[in-house]
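What follows is each chain in one-letter form.
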Amino acid sequence: MKRLVFILFFPAIFSAYGQKPELVPDPNIPIPKVEIDAKGDLKITASPSSSPNDFDFLVGKWKMHNRHLDKRLADCHDWTEFDSLDVNTKMLNGAADMDTYSTTQFPGSEGKLFEGLTLRLFDRKTRLWSLYWIASNTGTIDPPVAGSFDENGVGHFFGKDTLNGKPILVVYRWDARNKNRPIWGQAFSPDNGKTWEWNFFNVSERINN
């Protein structure tokens, strides 16, 4: 009976969140506990397997399916799904990785072209990746998130930001266990990592040309 309940439960989750099981929080991958020092800074340590080659799987062209929460940290349960394209390049002799994201379907863009640029830098001393995001509708660099991949191909990257004038923590998750269909997700925490709300997912499929 317990096995039957388990089998019925997960399709119900997928139905509630959408059609694609990749675009929901994976219950088998918890967000690591956040450590904060006496000054209020995040304590982030690279995993033993962290490497400047960790994002090599992204090099090339991709099409993405995205799932975006309409309102963040507002008890919202409405999501918008849309498609986008992405082109990724490794640069600076392996110390950096950059991609450009583009779509005319981004929520709130009213059909106009939305572009984003992600710059990822590998610090060879700390062995941490720092990820920087720039959106075409703001033209500013978001505060970076930093972290590393574990030995299984799952990376968590944490940072501090604000939402509506209030401090939050941000986490990016890269699930690259299947490097031909990697999954990215973003979550916010209003309480220093005690609770998290996932608000953005995408799953990528390589364009072979």
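Here the residue numbering is sequential within each chain, running from 1 through the sequence in written order. Selection of residues for local features in this predicted model requires a pLDDT of at least 70, selection of side-chain atom pairs for listing and counting requires 80 or more, and totals for whole chains, interfaces and linings are taken over all residues. Note: side-chain values were computed over all heavy atoms of the structure, leaving out hydrogens and water.

Asks: Talk me through the overall build of the chain; I want residue IDs and the actual numbers.
Replies: A run of DSSP states H or I qualifies as a helix once it reaches four residues; a run of E qualifies as a strand once it reaches two. Both are numbered from the N-terminal end. When helices and strands are counted, the chain shows one helix and 10 strands. Counting from the amino terminus, the chain carries its helices and strands in the arrangement α-β-β-β-β-β-β-β-β-β-β. A compact globule built from 209 residues should have a C-alpha radius of gyration of about 17 Å, and the chain, at 17 Å, falls within 12% of that. Based on the C-alpha atoms only, the size of the chain along its principal axes is roughly 50 × 45 × 35 Å. Relative to all contacts within the chain whose residues are 6 or more apart in sequence, the contacts with residues 24 or more apart total 47%. Working note: accessible area of the chain is about 12,100 Å², and carbon and sulfur atoms make up 54% of it. Radius of gyration: C-alpha atoms only; globule rule: 2.2 Å multiplied by the number of residues to the exponent 0.38. Contact definition: two residues touch when any of their heavy atoms are within 4.5 Å. For every accessible area listed, the method is Shrake-Rupley and the probe measures 1.4 Å; residues are considered covered only by the protein chains on display.

Asks: Go over the nonpolar core with me, naming the residues and quoting the values.
Replies: If you look at soluble globular proteins, the nonpolar side chains tend to sit buried side by side. Side-chain atoms within 4.5 Å are what join buried Ala, Val, Leu, Ile, Met, Phe, Trp, Tyr and Cys residues into a set we call a nonpolar core. Here the term buried applies to any residue with accessible area under 20% of the maximum for its type, exposed to any over 50%, and partly exposed to those in between, with areas from a 1.4 Å probe on protein chains only. Counting residues in hydrophobic clusters, the biggest one holds 24 residues, and the most contacted among them are Phe55, Leu131, Phe157 and Trp174. Of all the elements in the fold, those that place two or more residues in this core are β1 (60-69), β4 (114-123), β5 (128-135), β6 (145-149), β8 (166-175) and β9 (183-189). Of all the elements, β8 adds the most residues to this core, at four residues.

Asks: Could you give an account of the environment of Val24, with specific residues and numbers?
Replies: Looking at the secondary structure, you find Val24 in the loop between α1 (2-17) and β1. Each C-alpha atom of the pair Val24 and Trp198 lies 8.3 Å from the other, and the pair is 174 residues apart in sequence.

Asks: Any chance you could break down the packing of aromatic side chains for me, citing the residues and the numbers?
Replies: Stacked, tilted and edge-to-face pairs are distinguished by plane angle, under 30 degrees for stacked and over 60 for edge-to-face with tilted covering the rest, among Phe, Tyr and Trp rings (Trp via its six-membered ring) whose centres lie within 6.5 Å. One pass over the structure, following the stated rule, counts 21 aromatic pairs. Plain terms: the ring middles of Tyr172 and Trp184 are 5.4 Å apart, the flat faces sit at 75° to each other, and that makes the pair edge-to-face. With Tyr172 in strand β8 and Trp184 in strand β9, this residue pair connects regions lying 12 residues apart in the sequence. Its relative accessible area of 11% is what places Trp184 among the buried residues.

Asks: Give me the lowdown on the pairing of β8, citing residues and values where you can.
Replies: For β8, the tally of buried residues reaches eight of 10 residues, placing the bulk of the element in the interior. Should DSSP find at least two bridges between two strands, the strands are taken to pair. Of the strand pairs in this sheet, strand β7 (residues 154-163) and β8 are connected by 10 bridges, and their pairing is antiparallel. Counterpart to Lys160 in the pairing with β8 is Leu169. Counted between consecutive antiparallel strands, the loop separating β7 from β8 contains two residues, among which Asn164 sits at a positive phi close to 55°. Note that β8 and β9 share seven bridges and pair antiparallel. Within β9, the position partnered with Asp175 by the bridge is Ile183.

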